[in-house]
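Observations on chain architecture
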Amino acid sequence: MNSSSSYLLHTSCPSCGAEIGIRSATAVTAVCGYCHSVLLVNQNKLLQSGRHSAVLNDLSPLQIGTTGKWQGKSFILIGRIQVHYEAGLWNEWHALLEDGSSAWLSETNDRFAFTRLQPASAGEEKLPEFSSLKVGKTFFKYQSRWYAVADIHKTSRGQYVAEGELPVSLPNSETALVADCRNGLSFITLDYSSGQQQPEVFAGRGVTLKSLKLQNTRRKEQIRSQTGYVKGRTKRGKCPSCGGEILWVSGVTDYVLCQYCHGQMDMSEDAALQKNISEKREWYERQLTIKIGSKARINNEEWWVLGAMILVELPVQIAFPDVPLYVQVMREETEEEDSLGWTEYLLYSPRKGFLWLLELENNQWAMSSTLDDWPILNGPLQPLDLKREDIPFLYDYAAHVMYAAGAFYWQVAPGDRMYYIDYGCKAHKLSTTLTDNEQSWSVVSTIPASLVATWFQNDKNISIKAKPLERDKAVEIVREHQGIKAKDFNADNIRKWSRQTFINSLFNIYNPNFWIALFVVLNLPVIFIILVGGPADYDYGIDAVLVFILAFSLLSTVPKLKTRQLNKTRKYNIYIAAILLIAFTWIDYAAHETDTNSSGGHYYSSSGRWHK
């Protein structure tokens, strides 16, 4: 598919005379790669349209001429439409399949989907109007499949540019009304931009670049020679507002927030263009544990910390009053330990893409990866396992951004709101995140602080309070997380993960389970006497039960107490827990000793046997 003999039309650009080859029999538009003239394909001739078009070199790994396989068919990328809008851009790559048909490879925020235009049918179900689409609420049927809205693009100041050849005309309109919808492996795009009552439908599924077995992708050397920057290269500059140093990754993230004055900048053309901030925002200042620009070594891959944001929890009803009622009814009362905030770090690897690292209170950490394939849904917020049974609901909560600095692959600003629903168990959660216009699904895995210490052990400016893990153990934890998909959240796996979490908690001094288990072990003789032998003195039995209830209550609370002023667990909580453990154990044995002494050193069980 790469040879010149595969061209259906070999001619010259009518504007500059450069050689142009047309591969597709359905080509309508072609863009000269030299003078960027937009040309119309008409009866084996190229006609000038009077327009020019040049895409922004965003350092995508894809390029015209990239080949691969999709659904068992070979394809080659022969064109691209690039849509610029207020919050960034996305690419639509025109793929020519070996049978001569066309498909589209969508590239947005490091997520990819392969789709094909579906023929219009008068007998199809009526699709919802664009104005009625709501993330987290809309659930509709198309060709016997149900879909939830994943992303809504309402672009009023869009700019359409292109390269290569396209099976459609390059739009003149600056308005784009597009919605991506998903359910399980199925993916459709509804394009309302034509103004027709019913949208054009592009159907397919989300994909990873690895699954496409790509060839002839852009190499780092090509990117360097063509743009001057390698994808993933850290860049430095000065904030035009305060003069402070800003740091971002060229070609990966378009929007940067200054960590000093909090000014918002558009870096899409490598120029720090200060955007007007209409009002002062209250910034939640605190020292980040991991500095922006730091490097992590994760399973022999180098990752950069691009950005960090601090989020604070809000009541769901305040942040998202339109959340479906059935979710709010299921919501548990938020414990104080979960009602404060957390920090999310965005990590990037040129080979692996994006990864989120979450820092919680008390040196607790988690890692999160966005899923290419969604879970099977029975509704927008109701995931099912492969047996079509509900995945256990864990909790839901809302949050807003209090502080953000660094670079992100979308616009982030203090005050932005997110709504989260977690399913599964605490060790591994199937989590959905909703904003006003987007929904995504992720796997979130709890990880030990020692794993984070392993990743950043070569950075002397980062101090994680834990001893780094052995390399093999660190690799195993990351691989387990990376191997978990939506389909793996079933009853058997969730029980297995929960058991493992409980066992691990017995060895964590900051976990109440550790202190309760230790109290039980130290008081086993008394427990054995009460449960097996039976007390001779009825009052002693009541006293022991009261002591155990009070001990369990305090030991399950004290290790996780925190103060809102410090926004963290008090360091001396474990010392208080130790004192309580010793005190209640002493009381338990003292009461037992008093009872045995009062009965002459012995007492009788209900069966008549006697015990020391």
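Read on for an overview of the structure.

So, how was this worked out
Residues numbered from 1 in each chain as written. Predicted model: local features only at pLDDT ≥ 70, side-chain atom pairs only at ≥ 80, totals over all residues. Heavy atoms only, no water. Helix = DSSP H or I, 4+ residues; strand = E, 2+ residues; numbered from the N terminus. Buried < 20%, exposed > 50% of the residue type's maximum accessible area, 1.4 Å probe, protein only. Areas by Shrake-Rupley, 256 points an atom, 1.4 Å probe, with all protein chains shown as cover. Phe/Tyr/Trp six-rings, centres within 6.5 Å; stacked < 30°, edge-to-face > 60°. Lys, Arg positive; Asp, Glu negative; His and termini not counted. Salt bridge = Lys/Arg side-chain N within 4 Å of Asp/Glu carboxyl O. Polar contact = N/O pair within 3.5 Å; in protein donor to acceptor, adjacent residues only side chain to side chain. Contact = heavy atoms within 4.5 Å. Pairing = 2+ DSSP bridges. Patch = residues over 30% accessible without salt bridge, like charges linked within 9 Å, V, L, I, M, F, W, Y side chains within 5 Å. Core = buried A, V, L, I, M, F, W, Y, C linked by side-chain atoms within 4.5 Å. Expected span 1.5 Å × (residues − 1). Arc of directions from axis to C-beta.

Some details on the overall build of the chain
Scanning the chain from terminus to terminus reveals 10 helices and 36 strands. Residues classed as buried in the chain amount to 49% of the 612 residues present. Counting only carbon and sulfur atoms, one obtains 51% of the accessible surface of the chain, whose full area is about 30700 Å².

Things to note about the packing of aromatic side chains
Tallied over the entire structure, the rule returns 16 aromatic pairs. Considering the side-chain rings of Phe489 and Trp497, the 5.3 Å spacing of their centres and the 70 degrees angle between planes classify their relative orientation as edge-to-face. Taking the relative accessible area as the measure of exposure, Trp497 reaches 7% and is therefore buried. Members of the aromatic cluster, each reached through a chain of ring pairs, are Trp342, Tyr395, Tyr397 and Tyr420.

Here's the deal with the side chain of Glu92
By the element assignment, Glu92 lies in strand β8 (residues 88-97). An unpaired buried charge is present at Glu92: no salt bridge exists, and Arg80, the closest side chain of opposite charge, is 11 Å distant. Separated by 3.1 Å, the side chains of Glu92 and Trp90 make a polar contact. Engagement of the side chain of Glu92 in a polar contact is seen with the side chain of Ser106, the distance being 2.8 Å. Once residues within four sequence positions are removed from consideration, Glu92 is found in contact with Gly79, Arg80, Ile81, Trp104, Leu105 and Ser106.

Points about the pairing of strand β29 (residues 393-408)
Of all the 16 residues making up β29, 14 are buried; the element is thus mostly covered by neighbouring parts of the structure. In terms of strand pairing, strand β23 (residues 301-314) meets β29 through 8 bridges, oriented antiparallel. Its bridge partner lying in β29, Glu313 is registered against Ala399. Bridging between β29 and strand β30 (residues 417-424) involves 7 bridges; their strand directions are antiparallel.

Let's talk about unusual backbone geometry
The backbone of Asn300 sits at a positive phi, close to 65 degrees, despite the residue not being glycine. Of note, Asn300 is situated in the loop between β22 (295-298) and β23. Classification of Asn300 as partly exposed rests on a relative accessible area of 47%. Phi is positive for Arg388, close to 65 degrees, though the residue is something other than glycine. Residue position: Arg388 is located in the loop between β28 (383-384) and β29.

Digging into the environment of Leu47
Its place among the elements puts Leu47 in strand β5 (residues 45-52). Counting along the chain gives 33 residues from Leu47 to Pro14, while the straight-line C-alpha distance between them is 6.9 Å. Excluding anything up to four places from it in sequence, Leu47 contacts Val38, Leu39, Leu40 and Asn42.

Examining the pattern of salt bridges
Per the counting criterion, the structure on display carries 9 salt bridges. Of the charged contacts, one joins Lys73 and Asp99 as a salt bridge, the two residues approaching to 3.0 Å between their closest N and O atoms. One end of the pair, Lys73, is in strand β7 (residues 73-85); the other, Asp99, is in the loop between β8 and β9 (102-108), with 26 residues separating them in the sequence. For Lys73, a relative accessible area of 29% puts it in the partly exposed group. The exposure class of Asp99 is partly exposed, given its relative accessible area of 45%.

A closer look at a nonpolar patch on the surface
The grouping of Phe502, Ile503 and Phe507 at the surface amounts to a nonpolar patch, some 360 Å² of accessible area in total. Inspection of the secondary structure assignment puts Phe502 in helix α6 (residues 491-505).

Observations concerning the nonpolar core
For soluble globular proteins, nonpolar side chains are generally found buried alongside one another. In terms of nonpolar packing, the biggest core is built from 41 residues, with Phe140, Ile188, Leu190 and Leu430 touching the most fellow members. Of all the elements, strand β12 (residues 145-155) adds the most residues to this core, at 5 residues. Apart from residues lying up to four places away in sequence, Phe140 is in contact with Leu127, Pro128, Arg145, Trp146, Tyr147, Cys181, Ile188 and Leu190. Within the second largest apolar cluster, 29 residues are counted, among which are Leu357, Tyr403, Leu451 and Ile477.

What about helix α5 (residues 471-483)?
With 13 residues, α5 should reach 18 Å at 1.5 Å per residue; the first-to-last C-alpha distance of 18 Å fits that figure. Those residues of α5 not exposed but buried are Ala474, Val475, Ile477, Val478 and His481. End-on view of α5: buried residues confined to an arc of 160 degrees, all on one side of the axis. Seen from the open side of α5, the exposed residues pointing more than 90 degrees away from its buried face are Asp472 and Arg479. Considering only its buried residues, α5 is in contact with β22, β26 (365-370), β32 (439-447) and α4 (449-455).

Considering the pairing of β30
Among the 8 residues that make up β30, 7 are buried, leaving the element largely enclosed by the rest of the structure. Relative to strand β31 (residues 428-434), β30 is paired through 6 bridges, and the arrangement is antiparallel. Of the residues in β31, the one forming a bridge with Tyr419 is Leu434. Hairpin connection of β30 to β31: 3 residues between the antiparallel strands.

Points about helix α7 (residues 512-522)
All of the buried residues along α7 are Pro512, Phe514, Trp515 and Phe519. For α7, the buried positions fall inside an angular range of 160 degrees around the axis, keeping them on one side.

Digging into the environment of Tyr419
Positionally, Tyr419 belongs in strand β30. C-alpha separation for the pair Tyr419 and Leu434, spaced 15 residues apart in sequence, amounts to 5.0 Å. A distance of 2.6 Å separates a polar atom in the side chain of Tyr419 from a polar atom in the side chain of Asp396.

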